[in-house]
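Structural description and commentary
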Amino acid sequence: PGPTPGPTPGPTPGPTPVPCKKSMNYCSETCEAFKCEDQRIQCERYCRWRFSMFKNIMEQYGRLGVCEDTSLAQVGAHEVERSATKFRRECKEPAYYCVRVCSTFPTLDWLQGVDCQSRCEEHWGEFKQSWDFFKEHGICSWYDEGDD
């Protein structure tokens, strides 16, 4: 008799799935970043109601980035110089995104005008962290408010 074959290898495990976030999670993070606990519930309701506007802002952030965030890690090695120059030309300052976010909250007293803008810019890192996740992983589904 011939040699005994070795053990059969098990299935190769696939990549660990990255958890996605629902629109309500992005709204919660956006409203948390404003640091106005007394208006947070109202903020989250309004965000979910107008989520398509927030989603558009996050998608634009994903395409254009932030001018302060010019690391070449975002660019493929073969196009580093050309893409880095293009990125610097098209990127937007945090203030640009803050104006857009604040304009989606026209009825909330604490998010009117300069106060909203200054809060957004002051806590920009928290918005950026959530939006970077959106840029990488997107949203679980469009109509997800009732899902667990």
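The present account deals with the structure reproduced in this document. Note that the structure is predicted; figures quoted are calculated from it, not measured. Every chain begins its residue count from 1, and numbering advances along the sequence as written. This being a predicted model, a pLDDT of at least 70 is required before a residue's local features are given, and a value of 80 or more before pairs of side-chain atoms are given or counted; all residues contribute to the totals for chains, interfaces and linings. With hydrogens and water excluded, all non-hydrogen atoms of the structure serve as input to the side-chain values.

**Structural notes on the nonpolar core**
Remark: nonpolar core denotes a set of buried residues (Ala, Val, Leu, Ile, Met, Phe, Trp, Tyr, Cys) joined through side-chain atoms within 4.5 Å. The cut-offs for exposure are 20% and 50% of the maximum accessible area for each residue type, with area from a 1.4 Å probe on protein chains only; residues under the lower value are buried, those over the upper are exposed, and the others partly exposed. Phe-34, Phe-51, Tyr-97, Phe-105, Trp-124 and Trp-131 are the most contacted members of the largest nonpolar core, which has 27 residues in total. For this core, the secondary-structure elements that each account for two or more residues are α1 (23–33), α2 (40–49), α3 (51–64), α5 (94–103), α6 (113–122) and α7 (124–137). Helix and strand definitions follow DSSP, with helices as H or I runs of at least four residues and strands as E runs of at least two, each counted in order from the N terminus.

**What to know about the side chain of Ser-130**
Mapped onto the secondary structure, Ser-130 falls in helix α7. Here Ser-130 falls in the buried class, since its relative accessible area comes to 5%. A polar atom in the side chain of Ser-130 sits 2.4 Å from the side chain of Glu-29. By definition, residues are in contact when any of their heavy atoms lie within 4.5 Å. In contact with Ser-130, not counting residues within four places along its chain, are Tyr-26 and Glu-29. A 3.5 Å cut-off defines polar contacts: any pair of N or O atoms within that distance qualifies, except that in protein one atom must be a possible hydrogen donor and the other a possible acceptor, and neighbouring residues in sequence count only when both atoms are side-chain atoms.

**Quick look at the packing of α1 against α3**
As a rule, the C-alpha atoms of each element are fitted with a line to give its axis, helices using only the stretch in contact, and angles between N-to-C directions run from 0 to 180 degrees. Contact geometry for α1 and α3: axes closest at 11 Å, N-to-C directions at 75 degrees. The orientation of α1 with respect to α3, classified from their angle, is roughly perpendicular. For the pair α1 and α3, the contacting residues are Ser-23, Tyr-26, Cys-27 and Thr-30 in the first and Phe-51, Phe-54 and Met-58 in the second. All residues other than Ala, Val, Leu, Ile, Met, Phe, Trp, Tyr, Cys, Pro, Asp, Glu, Lys and Arg, Gly among them, are scored as polar; the first ten of these are nonpolar and the last four charged. Residue composition of the contact of α1 with α3, grouped by class: five nonpolar, two polar and no charged. Orientation labels follow simple angle bins: below 35 degrees gives roughly parallel, above 145 gives roughly antiparallel, 65 to 115 gives roughly perpendicular, and whatever is left gives oblique.

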